[in-house]
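Spelled out from the first residue to the last, the chains are:
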Amino acid sequence: MRKKISFLVILLILCIFAGILLGSVHISPVSVLRCLAGLDRDSTTYILVTTVRLPRVAGACLAGMGLAAAGVILQGVMNNSLASPNTIGVNSGAGFAVMLTLMLGGGYTSTAPAAFAGALATTLVIFSLAYLADSSRTTIILAGITVSGFLNAGINTIKLLDTDITVNLTAFMIGSLSGLTFDSLRFPAAAIIAALFLSLFLTKALNVLGLGDDIARSLGLNVTFVRLALLVLSSILSGCVVSYAGLLSFVGLIVPHICRRLFGNDARYLLPCSVLLGACFVLICDILGRILFAPFELPAGVLMSFVGGPFFLYLLFKKKGGRRVNA
């Protein structure tokens, strides 16, 4: 297991370096190393690396980490392998809250708290609907689609009512990492890192929760408190990513499934491995979006949808009959 984790760490370092190197303007490895060392401060390359490439790479890493961890948590809490911030409508809830806040006159500094509130409210609504009906994967997905439809209608209504918000709406709805700065990442980064840190302490509880509520209670777990804490953490992770990167799709669905195949179901290993692989996945999508059609740029969210759509259908039809799939 240590070798596999070490491999993911090395892969992430290579992806970060590639994210700084590659783009519509290619930079030599020597120039990147000189810039990272603080040399050539007056050069155009230094400005490009420090003000454009580094914030973008940092934002991609945080987005992949946050969404992948949120996917692991939601799948464990809801005992449903199809649950993710995208498929159950959590991203839409965060996006609607951000749009509503901007329409009501809130500044961009308030988008992260608004995204968290929207993500948490949507998660609780969907979980309540599934609890009141039944806990099959079909119920949760259908509840997510229904709630997501209402929220997307709200987003479109805001778009019509306030045209000033629609300037960057396309990039926001698709999910894009362009134009990021370290200032815009300051609050989301702090919240995501703190939520990831706290999530690692709850991995054992997440394992126990996967055994079922009755068994978890018999083992002394405070099921209600742990479930609520995990839902809050997943909302912080997904909401903060939405606040600066928009509605990135399928990261929280694809990455946990790949990591389960490679590292097993133990959340103590699944969560950190998903965090590392999630960062790599978003970085690779962002890099491909920059170089495939250079000098034009394809948002990372588009590539994720191309990959995630077929993957979701594969998972949906893999198990027939709407039977529960344990996370």
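Parameters and conventions
- Residues numbered from 1 in each chain as written.
- Predicted model: local features only at pLDDT ≥ 70, side-chain atom pairs only at ≥ 80, totals over all residues.
- Heavy atoms only, no water.
- Helix = DSSP H or I, 4+ residues; strand = E, 2+ residues; numbered from the N terminus.
- Buried < 20%, exposed > 50% of the residue type's maximum accessible area, 1.4 Å probe, protein only.
- Contact = heavy atoms within 4.5 Å.
- Axes fitted to C-alpha atoms, helices over the stretch in contact; angles between N-to-C directions.
- Parallel < 35°, antiparallel > 145°, perpendicular 65-115°, else oblique.
- Left-handed = near helix turned anticlockwise from the far one by under 90°.
- Nonpolar A, V, L, I, M, F, W, Y, C, P; charged D, E, K, R; others polar.
- Phe/Tyr/Trp six-rings, centres within 6.5 Å; stacked < 30°, edge-to-face > 60°.
- Salt bridge = Lys/Arg side-chain N within 4 Å of Asp/Glu carboxyl O.
- Expected span 1.5 Å × (residues − 1).
- pLDDT = per-residue confidence, 0-100.
- Patch = residues over 30% accessible without salt bridge, like charges linked within 9 Å, V, L, I, M, F, W, Y side chains within 5 Å.
- Areas by Shrake-Rupley, 256 points an atom, 1.4 Å probe, with all protein chains shown as cover.
- Bend = angle between axes of the 7 residues up to and from the residue.

## Side note on the overall build of the protein chain
At step 1: When helices and strands are counted, the protein chain shows 14 helices and 0 strands.
At step 2: Along the protein chain, helices (α) and strands (β) appear in the sequence α-α-α-α-α-α-α-α-α-α-α-α-α-α when read from the amino end.
At step 3: Scored against the burial criterion, the 327 residues of the protein chain give a buried share of 51%.
At step 4: A separation threshold of at least 6 residues defines the contact pool for the protein chain, and within that pool the share at least 24 residues apart is 77%.

## Some details on the packing of helix α1 (residues 2–21) against helix α13 (residues 267–291)
At step 1: Following both chains from N to C, one finds α1 and α13 inclined at 25 degrees, their axes separated by 9 Å at the closest point. If you check the angle between α1 and α13, you find them roughly parallel. Of the two possible hands of crossing, α1 and α13 adopt the one that is left-handed. Between α1 and α13, the residues in contact are I5, L8, V9, L11, L12, C15, I16, A18 and G19 and C273, L276, L277, A279, C280, L283, I284, I287 and R290, respectively.
At step 2: Its residues assigned to classes, the contact of α1 with α13 comprises 16 nonpolar, 1 polar and 1 charged.

## A look at the packing of helix α3 (residues 44–77) against helix α11 (residues 223–245)
At step 1: Between α3 and α11, the shortest axis-to-axis distance is 9 Å and the interhelical angle comes to 150 degrees. By the criterion of interaxial angle, the relationship of α3 to α11 is roughly antiparallel. Our pair here, α3 against α11, has a crossing hand that is left-handed. Seen from α3, the contacting residues are G59, L62, A63, G66, L67, A69, A70, I73, L74 and V77; seen from α11, they are R227, L230, L231, S234, L237, S238, V241 and Y244.
At step 2: Broken down by class, the residue content of the contact of α3 with α11 amounts to 13 nonpolar, 4 polar and 1 charged.

## A word on the side chain of D286
At step 1: Relative to the assigned elements, D286 resides in helix α13.
At step 2: Setting aside its immediate chain neighbours within four residues, D286 contacts R56, L177 and A300.

## Observations concerning the packing of aromatic side chains
At step 1: Enumeration according to the criterion identifies 1 aromatic pair in this entry.
At step 2: Relative to F201, the ring of F197 lies with its centre 5.1 Å away and its plane at 75 degrees, an arrangement referred to as edge-to-face. Of this pair, F197 and F201 both sit in helix α8 (residues 182–201), 4 residues apart, which is roughly one turn of that helix.
At step 3: According to the relative accessible area criterion, F197 is exposed, its value standing at 52%.

## Thoughts on the side chain of T122
At step 1: If you trace the backbone, T122 turns up in helix α5 (residues 111–132).
At step 2: The contacts of T122, once residues within four sequence positions are left out, are I88, G89, V90, G93, V147 and L151.

## Focus on the pattern of salt bridges
Side chains that differ in charge, positive against negative, can pair when their charged atoms come close.
At step 1: Going through the model one piece at a time under the given rule, you end up with 5 salt bridges.
At step 2: In this structure, R56 and D286 form a salt bridge, with 2.8 Å as the shortest nitrogen-oxygen distance. A residue pair is termed long-range when its members are at least 10 positions apart, and R56 in helix α3 and D286 in helix α13 qualify at 230 residues.
At step 3: D183 is the partner of R186 in a salt bridge, and the nearest nitrogen-oxygen pair spans 2.6 Å.

## Structural notes on helix α4 (residues 90–103)
At step 1: In this model, α4 (14 residues) spans 20 Å end to end at C-alpha, consistent with the 20 Å of a helix rising 1.5 Å per residue.
At step 2: Among the 14 residues in α4, 11 count as buried, and that is most of the element.
At step 3: Looking one or two places after α4, you find G105, whose phi comes out positive at around 100 degrees.

## Topic: the environment of L209
At step 1: Turning to its location among the elements, L209 is positioned in helix α9 (residues 203–209).
At step 2: Once residues lying within four places of it in the same chain are set aside, the contact partners of L209 are V77, A216, L221, V223, R227 and L230.

## Describing the confidence of the model for the protein chain
The predicted coordinates should not be examined in detail at positions where pLDDT is low.
At step 1: In the predicted model, the protein chain carries a mean pLDDT of 83, and the fraction of residues at 70 or more is 90%.
At step 2: A low-confidence stretch, residues 321–327 stays under pLDDT 50, and its non-local contacts, those more than four residues away or across chains, total 18 contacts.

## Quick notes on a nonpolar patch on the surface
At step 1: The grouping of I284, L288, I291, L292, F293 and F296 at the surface amounts to a nonpolar patch, some 580 Å² of accessible area in total.
At step 2: On the accessibility criterion, I291 (30% relative accessible area) is partly exposed.

## Some details on α3
Each α-helix winds once per 3.6 residues, and so residues spaced three or four apart point in a common direction.
At step 1: Between the first and last C-alpha of α3 there are 48 Å, a value that for 34 residues agrees with the 50 Å anticipated at 1.5 Å per step.
At step 2: Roughly 35 degrees is the biggest bend found in α3, and it falls at R53, with proline P55 one to four residues downstream.
At step 3: Among the 34 residues that make up α3, 25 are buried, leaving the element largely enclosed by the rest of the structure.
At step 4: Looking one or two residues past α3, N79 carries a phi angle of roughly 50 degrees, positive in sign.

## A word on the environment of G64
At step 1: With respect to the helices, strands and loops of the structure, G64 is situated in helix α3.
At step 2: Its relative accessible area of 0% is what places G64 among the buried residues.
At step 3: Considering only alpha carbons, one finds G64 and S238, 174 residues apart in sequence, at a separation of 9.9 Å.
At step 4: Excluding anything up to four places from it in sequence, G64 contacts V251, G278, A279 and V282.

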